Amino acid sequence: MEHTNGIVIIGAGLSGMTSAIHLLTQGFSVTVLEKNSFPKHKVCGEFISNEVWSYLNLLDLDIESLNPTKINSTFLSTPSGRSIETNLPLGGFGISRYTLDYYLYQKVQELGGVVIQSNVTDVLFSNDQFVLTTDDNQNYTAKVVLGSFGKRSNLDLQLNRDFIKKKSPWLAVKAHYALDLPADVVMLHNFEGGYCGVSKVEDDKVNICYLVRYSSFKKYKDIADFQENVMATNPHLKTIFKNSKMIFEKPLTISQISFEDKPKIENHMIMIGDAAGMIHPLCGNGMAIAIHSAKIASELTIRFLQNKITRIQFESQYVSRWNKTFRARIQFGKFLSKILLNERLSKLVMKSLIAFPFLLPFIIKKTHGKPV
Ligand SMILES: Cc1cc2nc3c(=O)[nH]c(=O)nc-3n(C[C@H](O)[C@H](O)[C@H](O)COP(=O)(O)OP(=O)(O)OC[C@H]3O[C@@H](n4cnc5c(N)ncnc54)[C@H](O)[C@@H]3O)c2cc1C
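Criteria and cut-off values
Residues numbered from 1 in each chain as written. Predicted model: local features only at pLDDT ≥ 70, side-chain atom pairs only at ≥ 80, totals over all residues. Heavy atoms only, no water. Helix = DSSP H or I, 4+ residues; strand = E, 2+ residues; numbered from the N terminus. Rg over C-alpha atoms; globule rule 2.2 N^0.38 Å. Buried < 20%, exposed > 50% of the residue type's maximum accessible area, 1.4 Å probe, protein only. Contact = heavy atoms within 4.5 Å. Areas by Shrake-Rupley, 256 points an atom, 1.4 Å probe, with all protein chains shown as cover. Lys, Arg positive; Asp, Glu negative; His and termini not counted. Charge placed at Lys NZ, Arg CZ, Asp CG, Glu CD. Near = heavy atom within 4 Å. Polar contact = N/O pair within 3.5 Å; in protein donor to acceptor, adjacent residues only side chain to side chain. Nonpolar A, V, L, I, M, F, W, Y, C, P; charged D, E, K, R; others polar. Phe/Tyr/Trp six-rings, centres within 6.5 Å; stacked < 30°, edge-to-face > 60°. Expected span 1.5 Å × (residues − 1). Arc of directions from axis to C-beta. Core = buried A, V, L, I, M, F, W, Y, C linked by side-chain atoms within 4.5 Å. Pairing = 2+ DSSP bridges.

Attention now moves to the overall build of the protein. On a plain count of helices and strands, the protein comes out with twelve helices and 19 strands. Relative to the 2.2 N^0.38 estimate, which gives 21 Å for 372 residues, the radius of gyration of the protein is 21 Å and therefore close to what a compact globule would have. The principal-axis extent of the C-alpha atoms belonging to the protein is close to 60 × 40 × 40 Å. Here the protein holds 372 residues, and the buried ones make up 55% of them. Within the protein, counting contacts between residues at least 6 apart in sequence, those at least 24 apart form 72% of the total. Entry remark: accessible area of the protein is about 16600 Å², with carbon and sulfur atoms responsible for 51%. Positive and negative side-chain charges in the protein, numbering 43 and 33 respectively, have mean positions lying 8 Å apart.

What follows is the structure, encoded as structure tokens:
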């Protein structure tokens, strides 16, 4: 069966839902195709930079009602436990993806958006129109398609995107814990081969989420063995694991996380969120970038559908605004992760930061944008 639509969004994650809400509040009709059901836990550090706080308010989203923790400082430690704490220049908040994504999903429906549980398997563009096919053999036509299908999707293969052909060394693990921890701090503890974020989300739960190179991880029997023998050599992580009790039945894991460059337009589709490019999680602003890129894409979609710009202008203005807003910080995030994962360099940097603590907020600012 064929369904005709103005705007179709592929993927109901943060960027997809934010775009849907933006466009719905401006009077456009939107169909979102999402392969999973809600609510659902996701592997994520769950710290959101205040860069997008005002924008979320502008969209009339009552994030406050979800009871997020307010975070205004950061604590950084090296694998040997040397540490430094400083204020976060912009600050942020802690909220689980289980709660946030579900809230946005409900909001889209309240605003009259259509969310269909379906896996998009193909997207074609011809005669100035998209035709999408789903695994339940439905076809959707659309004038605009926003590709918000996250860091790794079956569609990346279908679109023959370069990054999907390369192996990525990263895997990530996340779970919620009961742990006595100050609510206003986001911690970043380094260990051999990776780094671990620890911070509170709503309802006093603590999220522990780490990214690690597969080559470090594979030498150990399982997650527990790795945490005990590698991560716990950092004394801060040792104390954290000793005093915490996991709330999840078992941790969530994902692999093949890629930080490669990705085209911002694919077959005339506007790519947003992680599908357009991913910043190293240590910067703590992938979600802010996802939301901010959704704002840029939505604004240009409106101009295009109102015939104020042509499709060529739509695409080129999106690429140029994306690059101007995000490229430098994504590059800086890559550079920082290389330093942190090099034992000698990270020791040197930490020594300098302890001697000159005012440098840390400066470095953090380089990875974050200005409030939207
Ligand atoms: C280990 C780790 C820790 C992180 N920690 C933080 C942090 O603390 N702070 C922060 O700001 N960012 C963090 N991030 C980054 C953050 O999680 C992402 O930047 C953010 O989720 C991107 O949102 P998105 O909308 O692009 O993708 P997602 O939220 O992943 O949504 C993509 C959606 O597309 C759907 N989908 C995929 N393919 C299809 C298809 N073919 N058809 C239909 N639906 C499809 C998926 O099911 C999914 O729901 C972290 C990332 C990782 C890996």
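Having seen it, we continue.
Here the focus is the site of the ligand. By nearness alone, 37 residues border the ligand, and Ser15, Glu34, Gly45, Phe47 and Asp274 come closest of all. Asn119 places a polar side-chain atom, nitrogen or oxygen, 2.9 Å from a nitrogen atom of the ligand. Interatomic distance of 2.9 Å between a side-chain N/O atom of Ser153 and a nitrogen atom of the ligand. In isolation the ligand offers 1000 Å² of accessible surface; the protein chains occlude 95% of this area. Mapped onto the shell around the ligand, the elements with two or more residues apiece are helix 1 (14–25), strand 3 (30–34), helix 4 (154–158) and helix 9 (286–305). Counting residues per element, the shell around the ligand draws most heavily on helix 9, at three residues. Residue classes in the shell around the ligand are distributed as 15 nonpolar, 15 polar and seven charged.

Glancing now at the packing of aromatic side chains. According to the stated counting rule, one finds 13 aromatic pairs in the structure shown. Judged by centre distance (6.2 Å) and plane angle (80°), the ring pair of Trp170 and Phe259 falls under edge-to-face. Separated by 89 residues along the polypeptide, Trp170 in strand 12 (residues 170–178) and Phe259 in the loop between strand 17 (252–257) and strand 18 (265–266) bring together distant segments of the chain. Each member of the pair Trp170 and Phe259 is classed as buried. Their ring planes at 20° and their centres at 5.1 Å tell us that Phe304 and Phe314 sit as a pair that is stacked. One end of the pair, Phe304, is in helix 9; the other, Phe314, is in helix 10 (residues 311–340), and ten residues separate them in sequence.

Now for helix 11 (residues 343–355). Spanning 13 residues, helix 11 covers 18 Å between terminal C-alpha atoms, matching the ideal 18 Å at 1.5 Å per step. For helix 11, the set of buried residues is Ser346, Met350 and Leu353. Along the axis of helix 11, the buried positions cluster into a sector of 60°, meaning they face one direction only. When the buried face of helix 11 is taken as reference, the exposed residues oriented beyond 90 degrees from it are Arg344, Leu348, Lys351 and Ala355.

Right, let's talk about the nonpolar core for a bit. If you look at the biggest cluster of nonpolar residues, it comprises 96 residues, and the most contacted ones within it are Ile10, Ile63, Leu132, Met269 and Tyr318. The greatest single-element share of this core, amounting to ten residues, is contributed by helix 9. The residues touching Tyr318, leaving out its near neighbours within four places in the chain, are Lys264, Ile265, Ile270, Met271, Ile272, Ser293, Ile296, Ala297 and Leu300. In this structure, Leu171, Ala175, Val185 and Leu237 belong to the second largest nonpolar core, which totals 25 residues.

What follows deals with the pairing of strand 11 (residues 144–147). Because side chains alternate across strand 11, one face comprises the buried residues Val144 and Leu146, and the other comprises Val145 and Gly147, equally buried. Both strand 11 and strand 19 (residues 269–271) contribute to a ladder of two bridges, which runs parallel. Opposite Gly147, over in strand 19, you have Met271 as the bridge partner.

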